[in-house]
Amino acid sequence: MRKVTKILLKVLSVTLLFLIFCPIVLTLVVELPTVQNFLVGKATKYVSKKLETEVSIRRIKIGVLGSLRVDGFYVEDYQQDTLLYVDKLRVYLSRIPDQDGVTLRNGVVSHGVLNIKETPEGVMNIKQVVARLSNKDREKKGDFMLKVEDVRVDDFSLVIEQKEHREPTYGVDYGDMHIEHMSAFVDDFFLHGGRIGGYIRNFSTIEHCGFMVQNFTGRFLVDKGLVELSDFEIMAEKSDIRLPRLTLRGEDWSAYKDFIHNVVIEGEIYRSAASSDDIAHFAPRMLPWNIAVRGVNAKVKGTVADMKVDVK
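These figures come from a predicted structure and were not determined experimentally. (Residues numbered from 1 in each chain as written. Predicted model: local features only at pLDDT ≥ 70, side-chain atom pairs only at ≥ 80, totals over all residues. Heavy atoms only, no water.)

**Thoughts on the overall build of the protein**
Helix and strand counts for the protein stand at 5 helices and 13 strands. Buried residues in the protein amount to 39% of all 312 residues. When contacts within the protein are restricted to residue pairs at least 6 apart in sequence, long-range pairs at least 24 apart make up 49% of them. Here the protein displays about 18,900 Å² of accessible surface, and carbon together with sulfur accounts for 59% of that area. (Helix = DSSP H or I, 4+ residues; strand = E, 2+ residues; numbered from the N terminus. Buried < 20%, exposed > 50% of the residue type's maximum accessible area, 1.4 Å probe, protein only. Contact = heavy atoms within 4.5 Å. Areas by Shrake-Rupley, 256 points an atom, 1.4 Å probe, with all protein chains shown as cover.)

So, in structure tokens, the structure goes:
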């Protein structure tokens, strides 16, 4: 009996020592430059294979408690131009990434840019890459899914450029949009195949024509030419718009090449204030008006070229 007791005590002692020192050893191993280089190689190889394009990471660090730090994350489009660059990414992994997807939480994404451009073939470069995330051969299991919970975005820029620019004398050029210095908090975000959705709050940015958004908060969904906003509040320099719902609908993303004529807008606003100075960035003919309205309830439906508006 004593021998059995001694053996059990030794096994228990070894087990406790293992549980105590294993995390410490793992942490020290992960800190080694050779191990970090190995992890970077594995990560870029996996993502490159998934997207079928060049991907690089300057530095990566994975903590034993699921923390992930990525510096210099770069994705190239199929025209060898920058599609996505993120200088710093700090998140926690809620589960181990696999072929079905990954969940990120409690993080920060800072100093990045997403360049969405029309290719010489007339297709948006992001559509080409997103198509690689859809797996038609795995219909039972579904597409790869990315989930994001409670992540802060700081100083991010979005460029949307088409082959032909409108080059207006004033206001937004829908063929060459630069939405710069974006900051926001993102929650319940998902990327599933070609569908993107989530909740965004305290979003602020400035478009290079001068239009400024001070606060943009609400829920959104983007899917195959469809953009849906719900329970939104948008504060611009001189306007405060409350949107119970707003839908932009095109047959597909190619319809947005002629946004003014091909994209149907349907929505409503309530108890809102609007200034012609802000709206003029999208409708330059309103620039000389210099008027403002408050306490507005309205419904809109149609394209920008043929819009029906019911104002109360």
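The discussion continues.
**Observations concerning the packing of aromatic side chains**
This model, assessed by the stated rule, comprises 3 aromatic pairs. On the basis of an interplanar angle of 75° and a centroid distance of 4.9 Å, the ring pair of Phe-211 and Phe-282 is categorised as edge-to-face. With Phe-211 in the loop between strand 7 (195-207) and strand 8 (212-223) and Phe-282 in the loop between helix 5 (276-279) and strand 12 (292-303), this pair connects stretches of sequence that are 71 residues apart. Taking relative accessible area as the criterion, Phe-282 reaches 37% and is therefore assigned partly exposed. Clustering of aromatic rings is evident, with ring pairs tying together Phe-203, Phe-216 and Phe-232. (Phe/Tyr/Trp six-rings, centres within 6.5 Å; stacked < 30°, edge-to-face > 60°.)

**Observations regarding the side chain of Ser-157**
Here Ser-157 shows up in strand 5 (residues 145-161). Non-local contacts of Ser-157, meaning those with residues more than four positions away in its chain, are made with Gly-112, Val-113, Leu-114, Ile-179, Glu-180, His-181 and Met-182.

**Describing the pattern of salt bridges**
Per the stated rule, a full pass over the model turns up 7 salt bridges. The shortest N-O distance in the salt bridge between Asp-71 and Arg-90 comes to 3.0 Å. One end of the pair, Asp-71, is in strand 2 (residues 67-76); the other, Arg-90, is in strand 3 (residues 82-93), and 19 residues separate them in sequence. Assessed through its relative accessible area of 7%, Asp-71 is described here as buried. For Asp-277, the salt bridge identified is with Lys-238, shortest N-O distance 2.7 Å. With a gap of 39 residues between them, Asp-277 in helix 5 and Lys-238 in the loop between strand 9 (226-236) and strand 10 (240-249) connect regions that are remote in the sequence. (Salt bridge = Lys/Arg side-chain N within 4 Å of Asp/Glu carboxyl O.)

**Some thoughts on the pairing of strand 6 (residues 176-192)**
Sheet topology places strand 5 next to strand 6; 12 bridges connect them, and they run antiparallel. Bridge pairing links Phe-156 to Met-182 in strand 6. Sheet topology places strand 6 next to strand 7; 9 bridges connect them, and they run antiparallel. Across the sheet, the residue bridging to Ile-179 is Glu-207, located in strand 7. The loop that links strand 6 with its antiparallel partner strand 7 comprises 2 residues; one of these, Gly-193, has a positive phi angle of about 65°. (Pairing = 2+ DSSP bridges.)

**Side note on the layout of surface pockets**
Looking at the second largest pocket, its volume works out to about 220 Å³. What lines the second largest pocket is Glu-118, Gln-162, Lys-163, Glu-164, His-165, Arg-166, Tyr-174, Gly-175, Lys-257, Asp-258, Phe-259 and Ile-260. (1 Å grid on protein atoms, 1.4 Å probe; cavity = no way out; pocket = protein on both sides within 12 Å on 5 of 7 lines; lining within 4 Å. Points joined across faces, edges and corners; volume = space filled by probe spheres on them.)

**Some remarks on the environment of Ile-57**
Structurally, Ile-57 is set in strand 1 (residues 55-62). Spatially, the C-alpha atom of Ile-57 lies 4.6 Å from that of Phe-73, the residues being 16 residues apart in sequence.

**Here's the deal with the environment of Asp-81**
Of note, Asp-81 is situated in the loop between strand 2 and strand 3. Linking Asp-81 and Asn-125, residues 44 residues apart in sequence, is a C-alpha distance of 9.6 Å. Those residues in contact with Asp-81 that lie beyond four places of it in its chain are Tyr-74, Val-75 and Glu-76.

**Examining the nonpolar core**
Core analysis: the largest hydrophobic core is formed by 54 residues, its most contacted members being Phe-216 and Leu-248. Looking at this core, the element that brings in the most residues is strand 6, giving 7 residues. The contact partners of Leu-248, leaving out residues within four places of it in the chain, are Gly-225, Leu-226, Val-227, Tyr-256, Phe-259, Val-263, Val-264 and Ile-265. (Core = buried A, V, L, I, M, F, W, Y, C linked by side-chain atoms within 4.5 Å.)

The analysis is restricted to geometry; functional conclusions fall outside its scope.
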